[in-house]
Amino acid sequence: MRKRGILGLLAIAATAFLLVGCGKSSSSSKTTTITVGASSVPHAEILKHIQPELKKEGINLKIKVFQDYVLPNKALAAKELDANYFQHKPFLDNWNKENNGTLVSAGAVHLEPIGVYSKKVKNLKDLKNGATVLVSSNVSDYGRVLTLFKDAGLITLKKGTDITTATFSDIKTNKKHIVFKHTYEAKLMPTFYKQNTADAVVINANYAVQAGLNPNKDAIALEKKDSPYANIVAVRKGDQNKPAIKKLMKALQSKSTQNWIKKHYKGAIMPVK
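Residues numbered from 1 in each chain as written. Predicted model: local features only at pLDDT ≥ 70, side-chain atom pairs only at ≥ 80, totals over all residues. Heavy atoms only, no water.

Undergrad: Mind showing me how you'd approach the overall build of the protein chain here?
TA: Counting its regular elements, the protein chain contains ten helices and 13 strands. A buried classification covers 47% of the 273 residues belonging to the protein chain. Long-range contacts, defined here as pairs at least 24 residues apart, represent 75% of the contacts in the protein chain between residues at least 6 apart. (Helix = DSSP H or I, 4+ residues; strand = E, 2+ residues; numbered from the N terminus. Buried < 20%, exposed > 50% of the residue type's maximum accessible area, 1.4 Å probe, protein only. Contact = heavy atoms within 4.5 Å.)

Shown next, in the form of structure tokens:
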């Protein structure tokens, strides 16, 4: 009897061990790790916000922060990332064109309104004749900048200009002879503004917020909410259909996340939904 009892206990213990082992294996097989490249503000912050939600969905989200607009698409194309989140669709289209790329959008998440900032005037219309305006070298942003100056009545554009591909050569009239200088890295623009380098400086909202500026309060002109330049998640062609990417987009575009973006950034970063 004693021998049978010992054998019975050993059998139960062995079965329990196997069940625990199977449980770990099953849990592990349901977890998918994805790495998303992102700008630090607000993209990485938004991704961090949805990490707990994705964990419940079996997605281990790793975030790799980039400080520029050059490397994230290169890293994604090289399969060092599963997705990136830092750019708008016109920027992606331009990158694909210049690099023979095939990256695609998995969906839009938020809008970072580009703005004009100045320590010399409080309204864009008050810029003096011959004023110098600094703009980043991001060609895909030029249409956004031109729209701000066109809406202020300072310039007109040539007939038939497509605003999403427009450049400064598309200006037809420039009544104040404003000089647009556009050879600078986007991340340097807040420094130029703080140093009062020019009459006005155009700054992307992510760099503005990162530098302690509030676009709604500090900009003398700000992009409207109906802009076509919403920030997207980019992936390699075909990967937008992967379950993990779909779960990522569902979390980013959920009502709760969109409301969090609106409240957390106090309108400086605007949700798309």
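Undergrad: How should the sheet that holds strand E11 (residues 221–222) be read in this particular structure?
TA: Strands in a sheet are paired, the pairing made by backbone hydrogen bonds, and the direction either parallel or antiparallel. Read across the open sheet, the five strands follow the order E9-E6-E10-E5-E11; overall the sheet is mixed. Both outer strands of the open sheet, strand E9 (179–184) and E11, are each paired with one neighbouring strand and no more. Across the sheet, helix H5 (residues 142–151) lies against strand E5 (115–117), strand E6 (132–136), E9, strand E10 (200–203) and E11, angled at about 150° from E6, the strand it touches most. (Pairing = 2+ DSSP bridges. Axes fitted to C-alpha atoms, helices over the stretch in contact; angles between N-to-C directions.)

Undergrad: Looking at this structure, I do not really get the confidence of the model for the protein chain. What am I missing?
TA: Detailed reading of predicted coordinates is not advised where the pLDDT is low. A residue-level look at the protein chain finds 89% of positions with pLDDT of 70 or above and a mean pLDDT of 90. Here residues 1–28 is modelled with pLDDT under 50, and outside its nearest four sequence neighbours on either side it reaches zero contacts, counting other chains as well. (pLDDT = per-residue confidence, 0-100.)

Undergrad: For this particular structure, what's the right way to read the environment of Asp199?
TA: Looking at where Asp199 falls in the secondary structure, it is placed in the loop between helix H6 (189–194) and E10. Accessibility expressed as a relative area gives 10% for Asp199, which makes it buried. In this structure the C-alpha to C-alpha distance between Asp199 and Ser118, which are 81 residues apart in sequence, comes to 6.2 Å. For Asp199, the contacting residues outside a window of four places in its chain are Ser118, Lys120, Leu127, Lys128, Ala131 and Thr132. From its side chain, Asp199 meets the backbone nitrogen of Thr132 in a polar contact 2.8 Å long. (Polar contact = N/O pair within 3.5 Å; in protein donor to acceptor, adjacent residues only side chain to side chain.)

Undergrad: Where do I start with the sheet that holds strand E12 (residues 231–236) in this structure?
TA: With respect to topology, six strands assemble into an open sheet ordered E2-E1-E3-E12-E4-E13, the strand pairing being mixed. Lying at the two open borders of the sheet, with one neighbouring strand each, are strand E2 (59–66) and strand E13 (270–271). Pairing of strand E3 (residues 83–88) with E12 involves four bridges; the strand directions are antiparallel. In the strand pairing of E12, Tyr85 is matched with Val233.

Undergrad: What am I meant to see in unusual backbone geometry here?
TA: Leaving glycine out, the prevailing phi sign among residues is negative, and the prevailing peptide bond configuration is trans. Residue Pro42 follows Val41 across a cis peptide bond; omega there is -5°. Within the element layout of this structure, Pro42 appears in helix H2 (residues 40–56). At Lys79, a position not held by glycine, the phi torsion is positive, near 65°. By secondary structure assignment, the location of Lys79 is in the loop between helix H3 (71–77) and E3. Taking relative accessible area as the criterion, Lys79 reaches 65% and is therefore assigned exposed.

Undergrad: Quick question: what am I supposed to make of the packing of aromatic side chains here?
TA: Each aromatic ring pair is summarised here by two numbers: the centre-to-centre distance and the angle between the ring planes. Applying the stated rule across the entire model yields ten aromatic pairs. Note on Phe86 and Phe91: the rings are 5.7 Å apart at their centroids and 80° apart in plane angle, and the pair reads as edge-to-face. As far as the burial class goes, Phe86 and Phe91 line up, both buried. Taken together, a centroid distance of 4.8 Å and an interplanar angle of 50° make the contact between Tyr142 and Phe168 tilted. (Phe/Tyr/Trp six-rings, centres within 6.5 Å; stacked < 30°, edge-to-face > 60°.)

Undergrad: Which parts of the structure should I look at to understand the pattern of salt bridges?
TA: Opposite charge on two side chains allows them to pair when their charged atoms are near. Scanning all chains against the criterion turns up nine salt bridges. Counted as one network, the salt bridges with shared partners bring together Lys120, Lys128 and Asp199. (Salt bridge = Lys/Arg side-chain N within 4 Å of Asp/Glu carboxyl O.)

Undergrad: Would you explain the packing of helix H9 (residues 243–253) against helix H10 (residues 255–264) in this entry?
TA: Geometry of a packed helix pair, given as the angle between the helix axes and the separation of the axes. Axis separation between H9 and H10 bottoms out at 5 Å; the angle between their running directions is 50°. On the basis of the axis angle, H9 is oblique to H10. Seen from H9, the contacting residues are Ala251, Leu252 and Gln253; seen from H10, they are Lys255, Thr257 and Gln258. Along the lines of polarity and charge, the residues of the contact of H9 with H10 split into two nonpolar, three polar and one charged. (Parallel < 35°, antiparallel > 145°, perpendicular 65-115°, else oblique. Nonpolar A, V, L, I, M, F, W, Y, C, P; charged D, E, K, R; others polar.)

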